[in-house]
Amino acid sequence: MKRLTHEADFGLEEWEQTLYSVNSDQGGAYNILDIANHKGEEEFDEILKTISLGLKHYEDTGLTPGADPGAEGAGYGESAGRDSRCIRGHKTDLLELQELSDQLF
């Protein structure tokens, strides 16, 4: 999946330094509130939809920020030599997840 956010160091709060690229303004740096202020403009609406879907897909994995993916009980497993994860009781191949992610984003 293509990375949605870019980090900056302006000495501001963390949320203000989490920035998004806008294709029509390659020199610009937009935080989440900047994007929301442009609601109704197709390009900005698509960014908000992508953020929303990305968050949903992340939450569906059952992982939490800062979790060690290899830790016991983190929902990871090995099956027939392929990396797979157990997501809410369903064993899902990571290659399948990546392909789906690539289609969505």
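Structure first, text after, so check above.
Attention in this report is confined to the structure presented alongside it.

What to know about the sheet that holds strand 2 (residues 18–22)
- Taken in spatial order, the 3 strands of this open sheet run 1-2-3, and their pairing is antiparallel. Edge positions in the sheet fall to strand 1 (5–7) and strand 3 (25–30), since each has one partner strand and no second. Neighbour-to-neighbour, the strand axes of this sheet turn through a mean angle of 40°, independent of strand direction.
- Where strand 2 meets strand 3, 2 bridges bridge the pair, whose relative direction is antiparallel. Looking at strand 3, one finds that tyrosine 20 is bridged to tyrosine 30.
- Running at roughly 130° to strand 2, helix 2 (residues 42–60) makes contact with strand 2 and strand 3 of the sheet.

A short note on the nonpolar core
- Listed in full, the 7 residues of the largest apolar core are Tyr20, Val22, Tyr30, Ile35, Phe44, Ile47 and Ile51.
- When contributions to this core are tallied by element, the ones reaching two or more residues are strand 2 and helix 2.
- Per element, the largest residue contribution to this core is 3 residues, and it comes from helix 2.

Here's the deal with helix 2
- The terminal C-alpha atoms of helix 2, which comprises 19 residues, lie 27 Å apart, in line with the 27 Å expected from a rise of 1.5 Å per residue.
- The complete set of buried residues in helix 2 reads Phe44, Ile47, Ile51 and Gly54. In an axial view of helix 2, the angular spread of the buried residues amounts to 80°, which keeps them on one side of the axis.
- On the buried face of helix 2, the contacting elements are strand 2, strand 3 and helix 1 (32–37).

What counts, and where the lines are drawn
Going along each chain's sequence as written, the residues are numbered from 1 onward. Given that this is a predicted model, residues contribute local features only at a pLDDT of at least 70 and side-chain atom pairs are listed and counted only at 80 or more, while totals for whole chains, interfaces and linings are drawn from all residues. Water and hydrogen atoms were dropped before computing side-chain values, which therefore reflect all heavy atoms in the structure. The pairing criterion for strands is at least two bridges between them, as found by DSSP. Comment: elements are numbered from the N terminus, with helices defined as DSSP H or I runs of at least four residues and strands as E runs of at least two. To obtain each axis, a line is fitted to C-alpha atoms, and for helices this fit is confined to the stretch in contact; angles are then taken between N-to-C directions over 0 to 180 degrees. In this analysis, two residues are considered to be in contact whenever any of their non-hydrogen atoms come within 4.5 Å of each other. Only buried Ala, Val, Leu, Ile, Met, Phe, Trp, Tyr and Cys residues count toward a nonpolar core, and they belong to the same one when joined by side-chain atoms within 4.5 Å. Relative accessibility decides the category of a residue: with a 1.4 Å probe and only protein chains considered, values under 20% of the type maximum give buried, values over 50% give exposed, and everything between is partly exposed. Helices are assigned an expected span. That span is 1.5 Å times one less than the residue count. In this description, one arc is meant: the one made by directions from the helix axis to the C-beta atoms.

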